[in-house]
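Examination of the molecular architecture
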Amino acid sequence: MRKRSHRSTASRAAVAAVTAAVLGAGALTACDASGGNSPGPNGSTAGAKPSPKPTPTWDTSPRSVAAVGDSITRGFDACSVLSDCPEVSWATGTDAQVKSLAVRLLGKSRARTHSWNLARTGARMADLPAQMAQAGAERPELVTVMAGANDACRPTAAAMTPVADFRADFEEALRKLRRAAPKAQVYVMSVPDLKRLWSEGRANPLGKQIWKLGICSSMLADPDAMDVAATERRDSVQERVEAYNEVLKDVCAKDRRCRSDEGAVFGYRFDGDQLSHWDWFHPSKNGQARLAALAYRGVTSQEPLV
């Protein structure tokens, strides 16, 4: 009897030990399954990386539009010589022939009350932060940007805005907007091909006379000169415009709510019908309509244009 009792006690002790081991293993497994600070399968104690925040979906039908930029957005020389004509602006104009971006997006009635043209003739990128601050105050759902031509169009090629300054000013402009309107979408139009505008406009004697008043002298001065110095000057302006467009695209790409036109304006082949018949350089009413169509296509595309 004593031996049997001893064996029974030993058996109970062994069962208890095995049970405890199993429970302990189960507890460890449960801790692993729940995360905690225990090592993962690879022995690392680091937690899983947080999922990246999803990129906001681009709204293809914004309900308000603010426009910033320069003389092109003001409709300069589209209606009369050396004058703004905002009613034909590609961005916010009301002219039925242009059918501006705002009219296409909002309709005629709403465009009159929910679009703002804050561009200024002669503005350079250094002026954009102040314009963006104004735009942000209106809390628009979309802000259009078309600036940079005047940074290249200077009295001389040497006076063009340095690329680094151009970048810093554009970055500051976006920061100004984000402080006031963090959720506003931004659509950036590229700087036009100024060399092509020179090539088209120089065929018109009247245009060349207007150019002598000082319109984009870095590109348009001595329009018929084809010597080495003149060619190099125009090429340097063209290279600067291309550099500006790279900056616009690069800075925009870093803002989650910004989209660029991927060079659509720069690549558009404006001809005589799309150029102002006052200066043969700025867009005519027809040219403004073409810009409006390009912008509308870019803004309403589900994916950025490539």
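Here, every reference points to the structure presented above.
Residues numbered from 1 in each chain as written. Predicted model: local features only at pLDDT ≥ 70, side-chain atom pairs only at ≥ 80, totals over all residues. Heavy atoms only, no water.

1. Considering the pairing of strand E4 (residues 185–188)
Here E4 shows two buried faces, one formed by Gln-185 and Tyr-187 and the other by Val-186 and Val-188. Bridge count for strand E3 (residues 142–146) against E4 is four bridges, and the pairing is parallel. Bridging across to E4, Val-143 finds its partner in Val-186. Alignment of E4 against strand E5 (residues 258–260), held across three bridges, turns out to be parallel. Directly across from Tyr-187, in E5, lies its bridge partner Arg-259. (Buried < 20%, exposed > 50% of the residue type's maximum accessible area, 1.4 Å probe, protein only. Helix = DSSP H or I, 4+ residues; strand = E, 2+ residues; numbered from the N terminus. Pairing = 2+ DSSP bridges.)

2. What to know about the pattern of salt bridges
Counting across every chain of the model gives 13 salt bridges. We note a salt bridge from Arg-120 to Asp-127, for which the minimum N-O separation is 3.2 Å. In the salt-bridge network here, residues are joined through shared partners; they are Arg-167, Asp-250 and Lys-254. (Salt bridge = Lys/Arg side-chain N within 4 Å of Asp/Glu carboxyl O.)

3. Quick notes on the packing of aromatic side chains
Summed over all chains, the structure comprises two aromatic pairs. Between Phe-166 and Tyr-244, the aromatic rings sit 4.1 Å apart at their centres with planes inclined by 15°, giving stacked as the arrangement. Of the two residues, Phe-166 sits in helix H6 (residues 163–180) while Tyr-244 sits in helix H10 (residues 228–253), which places them 78 residues apart along the sequence. By the burial criterion, Phe-166 is buried, and Tyr-244 matches it. Seen from their ring centres, Tyr-268 and Phe-270 are 4.8 Å apart, and the 75° between their planes marks the pair as edge-to-face. (Phe/Tyr/Trp six-rings, centres within 6.5 Å; stacked < 30°, edge-to-face > 60°.)

Note that every value here comes from positions in space, so none of it alone points to a role or purpose.
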